[in-house]
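# Chain and residue survey
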Protein chains: 2
Amino acid sequence: MTRTSSRRSGGRNARREMRAAALTEDQRAIFPGMSGGTYKPLSPSDIEQIHEAALKALEEIGLADAPESGVEYMVKAGAILGDDGRLRYPRAVVEDALEKCAKTITLYGRDPKHDLQLSGNRVHFGTAGAAVSMVDVEGKNYRDSTLQDLHDACKIADQLENIHFVQRPLVARDIVDNLEMDLNTIYACCSGTTKHIGTSVSEPQFVPEILELLYKIAGSEEAFRARPFMANTNCFVVPPMKFATESCEAMEGCILGGMPVLLLSACMSGATAPSTIAGAIVQSVAECLAGLVYVNAIVPGHPAIFGTWPFGLDLRTGAMTSGSGEQALLSAACAQMHQFYGLPGGAPGGMTDSKLPDMQAGWEQMCSNLMCGLAGMNMVYEAAGMHASLLGFCHESLILGDDLIGQAMRCLRGIEVDETTLAVDQIRDVCIGGPGHYLGTGETLSRMQKDFVYPTFASRTSPKEWDEAGKDELVPKAKARKEEILNAPSPAAFDPILDAELRETYNIHLPSV
Amino acid sequence: MTRTSSRRSGGRNARREMRAAALTEDQRAIFPGMSGGTYKPLSPSDIEQIHEAALKALEEIGLADAPESGVEYMVKAGAILGDDGRLRYPRAVVEDALEKCAKTITLYGRDPKHDLQLSGNRVHFGTAGAAVSMVDVEGKNYRDSTLQDLHDACKIADQLENIHFVQRPLVARDIVDNLEMDLNTIYACCSGTTKHIGTSVSEPQFVPEILELLYKIAGSEEAFRARPFMANTNCFVVPPMKFATESCEAMEGCILGGMPVLLLSACMSGATAPSTIAGAIVQSVAECLAGLVYVNAIVPGHPAIFGTWPFGLDLRTGAMTSGSGEQALLSAACAQMHQFYGLPGGAPGGMTDSKLPDMQAGWEQMCSNLMCGLAGMNMVYEAAGMHASLLGFCHESLILGDDLIGQAMRCLRGIEVDETTLAVDQIRDVCIGGPGHYLGTGETLSRMQKDFVYPTFASRTSPKEWDEAGKDELVPKAKARKEEILNAPSPAAFDPILDAELRETYNIHLPSV
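Structural notes, computed from the coordinates.

Rules and cut-offs
Residues numbered from 1 in each chain as written. Chains lettered and ligands numbered in written order. Predicted model: local features only at pLDDT ≥ 70, side-chain atom pairs only at ≥ 80, totals over all residues. Heavy atoms only, no water. Buried < 20%, exposed > 50% of the residue type's maximum accessible area, 1.4 Å probe, protein only. Helix = DSSP H or I, 4+ residues; strand = E, 2+ residues; numbered from the N terminus. Arc of directions from axis to C-beta. Contact = heavy atoms within 4.5 Å. Buried area = accessible area lost by both parts, 1.4 Å probe. Salt bridge = Lys/Arg side-chain N within 4 Å of Asp/Glu carboxyl O. Polar contact = N/O pair within 3.5 Å; in protein donor to acceptor, adjacent residues only side chain to side chain. Pairing = 2+ DSSP bridges.

## Points about helix H3 (residues 68-76) of chain B
Residues and elements named next belong to chain B. Inspection of H3 places Gly70, Val71 and Met74 among the buried residues, and these make up the whole buried set. Projected down its long axis, H3 carries its buried residues within an arc of 100°, all on one side. Structural note: H3 exposes Glu68, Glu72 and Lys76 on the side pointing more than 90 degrees away from its buried face. Looking one or two places after H3, you find glycine 78, whose phi comes out positive at around 120°.

This is how it looks when you write it as structure tokens:
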């Protein structure tokens, strides 16, 4: 036990030293892949009922519109093609896929320090989406999003500790040709970040060229297949219960080319799925299980993320709402289904319906990020920067989202209870003949980094300090940080030889730097 | 099952009718006293260890500084006064109090429709605190808070559906005399709201006059004792492990006068409690258990709310922080301890360190409100309007907090899983020979009120609609609502005869209306 004298002498110097020292992973309060799971919106019986209902839907309703190649793969795996053109899945077929499929997945970064291990309740937050507008926070305007915006988003995300992967969050609307857009999207992402990236191939016939670009960036096909740093997002269904024919064909190509896939079923609860949370999850789970049969019929054990993405709807207007409590419940409950199947999974969190990074944005983004995190979601997509029910992306909000997610991560890390943390001896020492407070105790000082998350932008000053410091506000602070990041060279930039080669082969719309 | 034809004809008219119809309690998506409890940051073994550590602290360390009267009460109940002046509590003494104490509490409103039933995991949100400043959102200034601010806060809170009780959130700094301040505080609260109120008696010798005022408002002592509409907040300890002598004396008077009490142990984790979450909870629980022995030694079964209120600290600066993830964990875990003891309990949630109702305020307020709600906290105090680590109160933020809490309540309500909500038949109907979407189904329409929370201020419009509507922002909308409420007469105003009598007896600082 620390004596009173050393407590007293500790104080300020010790604190200064601790702040200065670089922290190793196990000294940090939060880190990618921490385990959640203390929040369980579904009971074990709820989960079982959802599972049984999904199996029933697959067996009795099935999915329409599979491409010919998909029908062939899945019928070979045991699915039954009905006269009505729907593929139905006997229970055993689903169970067989659940047996064969990848239970843990590594999502590789181009830099290995950003590799993510998906399993159990391990939680990761990242960007995603297909926003068509950028939020200009000063003019309060929405304008078309561009390739440069995308590159900038990736460059910013690369610097944010709590953004663990960078799926393309917005669409480069300044590129008209779809193939050029796909290729430039990958260029813009990879030259902005060495974290794991994701995008979505627009048309099946583009897959070979996309793969060629990825192989070039990796150095070779073998190098990419060994550490595939990009996953393809496959919106493989058009809910309810129909395959998206072209997207399925693209998925087949991606799988054969060695890309991990995100099996994304994006429904809207109340429009393209039942309005009940349970019903929307049943349908999403059923669709993703069909997708799992599909993937494992092509390449058994191929890495596929179980992407149940039910979205919310405002039934008064029929408009999408992604910031609601219903949305947070939809996503968090999906995490439990992923865990029930023992599959790496993901769903959207952290979105807001607000047009600006304001108080609404804060509460909506925290709500679903926190619930997904506490529920132990492997991949929380769309976790930062997404506004206006996914229509807008905001760089400043992305930066502030890093603070917000840091706090959610502290929460999901939870509470350590043991002899030391229970601290009865410390209480005794402080109260009986001690200083009567805990401020300078060795126990307090030794835990000040490991137990606490200190935000970067969130203000903790007193009103007086705040007033004297010019009443700083969040958004201008985030804007300054954005400019600092964007004015610096990208640490992820391609080496000049590779860059020259890429620019010679492709019509790259980003200026050389 | 609804046929396709009726689905089609339903549509817009049905939606309009449903919106227009007034909702009974069981048709509403959220209501006071919904049960949380699906989030459990502590395991059963964690809880047991915290309980044992608290018992050990009570037995071996005990509490100093009890008033003479308190020593007498507690020694009679079995506590042991040591030579060091500390009262220690053998295990059996604590167990005896846990046996005797009130397990369910009704907190009465002056209007019975606002009565709150505290038990199990039933959750209520309300205001509390002792802010010394008001936030002027337009000038971004902090100024001294006044009695009128307090009255206005109560009048606003009275109109907000998701503010279930109104504990005094701010201090009337324009009243110099402490007794006058206490009396005027009660006048300002009661004439602003008929919801259950709470305040804190400044000095023990004021208790008789406070009780007299309450009895007058109730109509008689018997009427107050039958439905005590105010609870007294007793900061009965000065952590670590010391009784607050004067506050204890005031508490004794309140109990004998028939007022429910909030046994409030407000420590700061890292300063007046261990820096570990587990340790701060151990100490808070120990202190509140001592308080429980105390209360039940005076009047067995007297209504007392178990108020473990550990606050967070920024160890870099020694400043309080109430918006952190650590804070949310501290409070949420307390809810589990209350449930372990089977006691009505409360803790703070919804506070922010931000000076303004901005994005930080949104994420911090949601974080702890949500975690307290999901954990099933009976009383979430300070749930709206509190800024700058409890130093400032903001009327506009209070109004926006109502939306925020509504969303948190939707989340804690959780997910209903049954044959109907699983919706396999509906999925079949829609997919096979049906319309291919769920927008107009009878099932969707029938649930659009019961299953969904529609916010009042949070914006769900598209960027285009938002732009065309003048880019409305949250804070001005809240300000307009504030003015609307404050310009209307208070529905809680005293009847003129009582008001005249009160004004004759006391120096009431609020103008007559």
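## Quick look at the interface of chain B and chain A
At the junction of the two partners, chain B supplies 110 residues and chain A supplies 110 residues. For the pair chain B and chain A, the summed buried area comes to about 9700 Å², and 67% of that belongs to carbon and sulfur atoms. On the surface where chain B and chain A come into contact, there are ten salt bridges. With a closest N to O distance of 3.8 Å, B:Arg460 and A:Asp353 form a salt bridge. On inspection of chain B and its partner chain A, the count reaches 36 residue pairs in polar contact (both at pLDDT 80 or more).

## Concerning the environment of A:Ser331
Residue and element names in this part refer to chain A. Here serine 331 shows up in helix H11 (residues 325-341). The exposure class assigned to serine 331 is buried, which follows from its relative accessible area of 0%. C-alpha separation for the pair serine 331 and valine 176, spaced 155 residues apart in sequence, amounts to 34 Å. Those residues in contact with serine 331 that lie beyond four places of it in its chain are Ala347, Pro348, Cys372 and Met377. Within the structure, serine 331 has its side chain in polar contact with the backbone oxygen of proline 348 (distance 2.5 Å).

## Thoughts on the pairing of strand E6 (residues 122-127) of chain A
Residue and element names in this part refer to chain A. With five of six residues buried, E6 lies mostly within the body of the structure. Relative to E6, strand E1 (residues 34-35) runs antiparallel, the two sharing two bridges. Bridge pairing in E6 links serine 35 to arginine 122. Two strands pair when backbone bridges link them, and E6 and strand E16 (residues 379-381) are joined in this way by two bridges, in the parallel orientation. For phenylalanine 125, the partnering residue across the bridge sits in E16 and is valine 380. Inspection of the sheet shows E6 paired to strand E9 (residues 165-167) by two bridges, in the parallel sense. Bridge assignment links threonine 127 to a residue of E9, and that residue is valine 166.

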